[in-house]
Amino acid sequence: MNRNSYLLFFLYLIIFPSCSIGKTVSNLNKINYKVKLDTVTFFDHNRSRSIPLAIYKPVLGRQKAKQTLIIFSHGYYQNEAKSNTRYSYLTEFLASKGFYVVSIQHELPTDSLIPNNGIPQIVRRPFWERGADNILFVINKLKKSDLQLNYHHIVLIGHSNGGDMTALFPEKYPNVVDKIITLDNRRMALPRTKTPKVYSLRSSDQPADKGVLPNKKEQNVFGMKIIPLLNTFHNDMDDRANPKQQHEIRNYVLSFLNE
């Protein structure tokens, strides 16, 4: 770059400071927006299935930038209603940082319970498949009505059984999401891919099944991040987490989103 080019570059930064190279997503996350919670139910006619949603919307005012869509999938609570609202410490927090968070109720009271016997990767696969179908339906439904969202960088987050759905999704529906973040999924293998980017937070008490987590070489090759939480049990990743655990999980998830 010659002298005149340097002068033009610095003149550009002075005139348009909001577009400077140094501005990052993390700077935007310093803002805390008010959050509006909407509960709605979508209906998939092809599967004759209701899909209840809790939608955490940041109140952004006149901001024109399209919002990042996060689809959240809860852990297994034996088909209890409103299981998708049990992670408010995280879903509300992410919405307060400007993300549009949709938490899906995957199990309905009329559904059969997940089997406790048999090989999990076989007997639970249909439940993960149904969850992946729910996620895709919600994304496609939102595309028709919520034009303010950025559908090129969708993020999936899921805990436990919801994390297994999240891990399965890119295999069943490639090239739809940009990142997946699992909170201690234990049964479905994480995809070994560079796209979507893969992140996982791991509990201190419940190990994953063989082959679920990448080894160190795979982590390096595919740029995956596997973070152990030394003071957090598997069942303490929902709203039962204490303030210290909540703070740690929120910070890790936000750092993943900012990469």
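One numbering rule holds for all chains: residues counted from 1, following each sequence as written. Local features in this predicted model are restricted to residues whose pLDDT is 70 or higher, and side-chain atom pairs enter the listing and the counts only when it is 80 or higher, whereas totals over whole chains, interfaces and linings include all residues. The side-chain values count all of the structure's non-hydrogen atoms but skip hydrogen atoms and water molecules.

A. Up close: the nonpolar core. Nine residue types can take part in a nonpolar core, namely buried Ala, Val, Leu, Ile, Met, Phe, Trp, Tyr and Cys, and a core is a set of them joined through side-chain atoms within 4.5 Å. Throughout, exposure labels follow a simple rule: accessible area from a 1.4 Å probe, protein chains only, divided by the maximum for the residue type, with under 20% read as buried, over 50% as exposed, and the rest as partly exposed. Formed by 32 residues in total, the largest nonpolar core has its most connected members in L53, L69, I71, V102, V138, L156 and F169. If you list the elements that add at least two residues to this core, you get strand 2 (49–59), strand 3 (67–73), strand 4 (100–104), helix 5 (125–145), strand 5 (149–159) and helix 6 (161–172). For helices the rule is a DSSP run of H or I covering at least 4 residues; for strands it is a run of E covering at least 2, with both sets numbered from the N terminus onward. A total of eight residues in this core trace back to one element, the largest contributor, which is helix 5. Setting aside its immediate chain neighbours within four residues, I71 contacts V102, I104, I135, V138, I139, V155, L156 and I157. Residues Y77, L90, I227 and L254 belong to the second largest nonpolar core, which totals 27 residues. A contact between two residues is defined here by any heavy atoms of the two lying within 4.5 Å.

B. Spotlight on the confidence of the model for the chain. On a scale of 0 to 100, pLDDT captures the predictor's confidence in every residue. Here the chain averages 90 in pLDDT, while 88% of its residues score no lower than 70. Long-range and interchain partners of residues 1–28, a stretch whose pLDDT sits below 50, account for 10 contacts in this model, where long-range means more than four residues apart.

C. Broad picture of the sheet that holds strand 8 (residues 225–228). Spatially, 1-2-4-3-5-6-7-8 is the arrangement adopted by the eight strands of the open sheet, whose pairing is mixed. The open sheet has two free edges, formed respectively by strand 1 (34–44) and strand 8, since each of these has just one partner strand. Taken pair by pair, the neighbouring strands of this sheet meet at an average axis angle of 20°, ignoring direction. For two strands to be treated as a pair, DSSP must find at least two bridges joining them. Examined bridge by bridge, strand 5 and strand 6 (residues 179–183) share five bridges and lie parallel to one another. Residue pairing across strands places G158 opposite T182, the latter belonging to strand 6. Helix axes are fitted only over the stretch in contact, all axes being lines through C-alpha atoms; the angle between N-to-C directions runs from 0 to 180 degrees. This element, helix 3 (residues 88–96), spans strand 1, strand 2, strand 3, strand 4, strand 5 and strand 6 of the sheet and lies at about 45° to strand 2.

D. Layout of the pairing of strand 7 (residues 197–202). Here strand 7 lies mainly inside the structure; five of its six residues are buried. Where strand 6 lies against strand 7, five bridges are found, and the strand directions are parallel. When the sheet's bridge partners are listed, L183 is paired in strand 7 with L201.

E. Helix 6, seen in detail. With 12 residues, helix 6 ought to run about 16 Å at 1.5 Å a step, and its terminal C-alpha atoms sit 16 Å apart, in line with that. With 10 of 12 residues buried, helix 6 lies mostly within the body of the structure. The complete set of buried residues in helix 6 reads N161, G162, G163, D164, M165, T166, A167, L168, F169 and P170. Tucked into the core, helix 6 has its buried residues touching strand 3, helix 5, strand 5 and strand 6. What a helix should span is 1.5 Å times the count of its residues minus one.

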